[in-house]
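Observations on the three-dimensional arrangement
In case you want the letters, here they are:
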Amino acid sequence: MRYGLIGEKLGHSFSKIIHEQLADYTYDLIPLSTEAFHHFMKQRDFHAINVTIPYKELVMPYLDCIDPKAAAIGAVNTVVHRGNKLYGYNTDYDGFRYMLMKHKVNPKGKKVLLLGRGGAAKACIAVVKDMGVEEVLTVYYKENPETITYQVCYESHRDAQIIINTTPVGMYPNTEESPIDLKGFGNLEAVVDVVYNPLRTKFVLDGFSKGVTAVGGLEMLIGQAKCAVEIFLGRKMENTLIQNLYTALLEERGNLVLIGMSGCGKTTLGKMAAERLGKVFVDIDEEIVMEIGMSIKEYFSKMGESSFRLIERAMVQKFSKQNGLVIATGGGVIKNEENIGDLKQNGRILWVKRDVSLLESGNGRPLAPDAEATARLYRERLPLYERAAEMVCNNNRTAEDGLKELLDKYNQLLS
Ligand SMILES: Nc1ncnc2c1ncn2[C@@H]1O[C@H](COP(=O)(O)OP(=O)(O)O)[C@@H](O)[C@H]1O
Ligand SMILES: O=C(O)C1=C[C@@H](OP(=O)(O)O)[C@@H](O)[C@H](O)C1
Ligand SMILES: [Mg+2]
């Protein structure tokens, strides 16, 4: 093995794609048990590796030479085999610093809460200290002399201005979780997550809802990879590479989610958009029909709407966790706010808006059997679509015109 990543669980990792975009070597993902990790480090059968959870500290005794910055942090994520020696570095530091600067999150003179105490936490603490933080408190779920508990944090530190999450809480597949409840943090200015799968964690989305700067971990990941590649290859690379790759990954991994009134064209435009974007098309209603083994109309008359909404909820949860999709929802998906929260984690929400006089009624739609019912539903739901939408796409002319506007609006959301 020449280049790659070692860690315990690597199923979620984007590092292979990132390294292979930035450099022309093959980059392997090598999950290792603790025993296998020690054996691997003794063998030294590699040219250059990155190291992730839980080995960033355990790797240090195997190194012949540790960069002073990594030594001060107390964690190594980049190891290069040069001559007969292993050299260790910490590029999480650079990646995290890049991400803070990019989003103008400045810890200078601020009170920061840092959630978690693993290898990534150490790098983040070093960054905020170097940037002049006033006070940084580590919050940990267990009692520990060097940290505070969540209870103490809620009781005495709600005046913090920046909260940084370095725990895996909220990471795929447990995407419904958040490490902290942001209620009552009245001075909050920014939340920053090192987790990048989902693209926007619940923690990040809660930050957005509070109206503060909210940053997900993907740019840190790309930033640290770029610095690792520089060390691996011994040459400098432009920072614009980070932004280009970030946009490319968002385009590739992100979901496009269509909401809107029954009969507005979500299914029609969604299919067309998926083909144009090279994404997989998922129609939540079609998935439900496959699961229940009958039409939605039949299901409504046999089981009622509330039972349908539970199935719809489960289907939304399932597909929200996936990447690279165009998702056409059913018109009523906005009735449950949690659906929208889930769909936003990996997706951008576009409202397909079609004039009420043009909306298709009937055709198997139990809640919109005719134009009058459709118009009533439209009035009722308008505020819900308004609240959920990140962008509006009009579909009042031909479907081709609708598609053009939709792709245009989606691009605006990504840039
Ligand atoms: N721009 C458009 N011009 C003409 N017909 C359209 C347009 N957009 C959608 N339709 C038609 O409207 C009907 C409802 O579209 P559909 O995609 O099933 O809506 P939804 O999934 O939002 O309920 C379909 O017959 C579709 O062909
Ligand atoms: O508006 C609604 O409440 C519904 C819309 C339908 O999907 P479309 O929006 O594709 O018609 C389908 O999910 C179900 O009939 C309920
Ligand atoms: Mg549909």
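Just so it is clear, the structure is predicted and the values come from calculations on it, not from any experiment. (Residues numbered from 1 in each chain as written. Chains lettered and ligands numbered in written order. Predicted model: local features only at pLDDT ≥ 70, side-chain atom pairs only at ≥ 80, totals over all residues. Heavy atoms only, no water.)

This part takes up the UniProt feature "binding site: ATP" (unreviewed entry) in the protein. The UniProt record annotates "binding site: ATP" (unreviewed entry) at Gly263, Cys264, Gly265, Lys266, Thr267, Thr268, Arg365 and Arg397. Maximum C-alpha separation among the annotated residues is 22.6 Å over a sequence range of 135 residues, too wide for a single clustered spot. By the secondary structure assignment, Gly265 is in the loop between strand 12 (255–259) and helix 10 (266–277). Given a relative accessible area of 16%, Gly265 falls into the buried group. Each residue touching Gly265, except ones within four places of it in the same chain, is listed here: Gly270 and Asn395. Here Thr267 lies in helix 10. What makes Thr267 partly exposed here is its relative accessible area of 30%. (UniProt positions renumbered as here; feature names shortened; annotations may be inferred. Helix = DSSP H or I, 4+ residues; strand = E, 2+ residues; numbered from the N terminus. Buried < 20%, exposed > 50% of the residue type's maximum accessible area, 1.4 Å probe, protein only. Contact = heavy atoms within 4.5 Å.)

In the vicinity of ligand 1, 15 residues are found, and the nearest of them are Gly263, Thr267, Thr268, Asn395 and Arg397. At a separation of 3.4 Å, a nitrogen atom of ligand 1 approaches a polar side-chain atom of Arg354. When residues of the shell around ligand 1 are assigned to their parent elements, the largest contribution, three residues, is made by helix 10. Here the residues of the shell around ligand 1 are counted per class, giving three nonpolar, seven polar and five charged. (Near = heavy atom within 4 Å. Polar contact = N/O pair within 3.5 Å; in protein donor to acceptor, adjacent residues only side chain to side chain. Nonpolar A, V, L, I, M, F, W, Y, C, P; charged D, E, K, R; others polar.)

Time to look at the nonpolar core. With 75 residues, the main nonpolar core has Ile18, Leu218, Ile259 and Leu406 as its most contacted residues. Broken down by element, the residue count for this core peaks at seven residues, all from helix 8 (residues 218–233). With near-sequence residues (within four places) excluded, Leu218 lies in contact with Phe14, Tyr196, Leu199, Tyr246, Leu249 and Leu250. Counting residues in hydrophobic clusters, the runner-up holds 25 residues, among them Ala75, Val105, Leu114 and Ile162. (Core = buried A, V, L, I, M, F, W, Y, C linked by side-chain atoms within 4.5 Å.)

In the vicinity of ligand 2, 14 residues are found, and the nearest of them are Ser262, Lys266, Asp285, Arg309 and Arg381. At 2.6 Å from an oxygen atom of ligand 2 is found a side-chain nitrogen or oxygen belonging to Arg381. Surface burial for ligand 2 is 95%, taken as the share of its 380 Å² of free accessible area covered by protein chains. Residue classes in the shell around ligand 2 are distributed as four nonpolar, five polar and five charged. (Areas by Shrake-Rupley, 256 points an atom, 1.4 Å probe, with all protein chains shown as cover.)

Moving on: the UniProt feature "domain: Shikimate dehydrogenase substrate binding N-terminal" (unreviewed entry) in the protein. Within this numbering scheme, the UniProt entry marks residues 5–79 as carrying the feature "domain: Shikimate dehydrogenase substrate binding N-terminal" (unreviewed entry). End-to-end, the C-alpha atoms of residues 5–79 are 10 Å apart, and along that stretch the chain is 32% helix and 20% strand.

Backbone hydrogen bonds are what pair the strands of a sheet, in a parallel or an antiparallel way. Here six strands make up an open sheet; going across it, the order is 2-1-3-5-6-4 and the pairing mixed. In the strand order of this sheet, the two ends are held by strand 2 (28–31) and strand 4 (65–66), each with one partner. Bridge count for strand 4 against strand 6 (residues 85–89) is two bridges, and the pairing is parallel. Across the sheet, Ile66 pairs through a bridge with Gly88, a residue of strand 6. Those strands touched by helix 2 (residues 34–43) are strand 1 (3–7), strand 2, strand 3 (48–51) and strand 6, and its axis lies near 145 degrees from that of strand 1. (Pairing = 2+ DSSP bridges. Axes fitted to C-alpha atoms, helices over the stretch in contact; angles between N-to-C directions.)

Right, let's get into the packing of helix 1 (residues 15–22) against helix 8. Packed helix pairs are characterised by how far apart their axes lie and by the angle those axes make with each other. The contact between helix 1 and helix 8 brings their axes to 10 Å, and the two run at 50 degrees. Classified by the angle between their axes, helix 1 and helix 8 sit oblique to one another. Once helix 1 is placed against helix 8, the crossing between them reads as right-handed. Packed against helix 1, whose contacting residues are Ser15, Ile18, His19 and Leu22, the element helix 8 presents Leu221, Ile222, Ala225, Lys226, Ala228, Val229 and Phe232 at the interface. Residues that form the contact of helix 1 with helix 8 fall into these classes: eight nonpolar, two polar and one charged. (Parallel < 35°, antiparallel > 145°, perpendicular 65-115°, else oblique. Left-handed = near helix turned anticlockwise from the far one by under 90°.)

To continue, consider the environment of Val282. Structurally, the position occupied by Val282 is in strand 13 (residues 280–283). A relative accessible area of 5% places Val282 in the buried class. Residues Val282 and Thr329 lie 47 residues apart in sequence; the distance between their C-alpha atoms is 8.6 Å. Each residue touching Val282, except ones within four places of it in the same chain, is listed here: Glu287, Phe319, Leu325, Val326, Ile327 and Ala328.

Next up on the list: the pattern of salt bridges. Per the stated rule, a full pass over the model turns up 26 salt bridges. Notably, a salt bridge pairs Arg313 with Glu338, separated by 3.6 Å at the nearest N-O pair. Separated by 25 residues along the polypeptide, Arg313 in helix 13 (residues 305–320) and Glu338 in helix 14 (residues 337–346) bring together distant segments of the chain. Between Arg313 and Asp342 there is a salt bridge whose closest N-O contact spans 2.8 Å. Within this pair, whereas Arg313 is found in helix 13, its partner Asp342 is found in helix 14, the two being separated by 29 residues in sequence. (Salt bridge = Lys/Arg side-chain N within 4 Å of Asp/Glu carboxyl O.)

Quick look at the environment of Glu400 now. Tracing the sequence through the fold places Glu400 in helix 16 (residues 399–414). Take Glu400: its relative accessible area is 49%, and that puts it in the partly exposed class. When the C-alpha atoms of Glu400 and Leu269 are compared, they prove to be 8.4 Å apart, with 131 residues separating the residues in sequence.

Attention now goes to the environment of Ala375. Relative to the assigned elements, Ala375 resides in helix 15 (residues 371–388). Residue classification places Ala375 among the partly exposed residues on the basis of a relative accessible area of 22%. Measuring from C-alpha to C-alpha, the distance between Ala375 and Gln345 comes to 31 Å, with 30 residues separating the pair along the chain.

To continue, consider the packing of helix 13 against helix 14. Remark: helix 13 packs on helix 14, axes separated minimally by 8 Å, with the N-to-C direction vectors making an angle of 15 degrees. Between helix 13 and helix 14, the angle is such that the two are roughly parallel. Crossing angle aside, the handedness with which helix 13 passes helix 14 is left-handed. In this structure, helix 13 uses Arg313, Val316, Gln317 and Ser320 to contact helix 14, whose residues at the interface are Glu338, Asn339, Asp342, Leu343 and Asn346. Each residue belonging to the contact of helix 13 with helix 14 can be placed in one class, and the counts come to two nonpolar, four polar and three charged.

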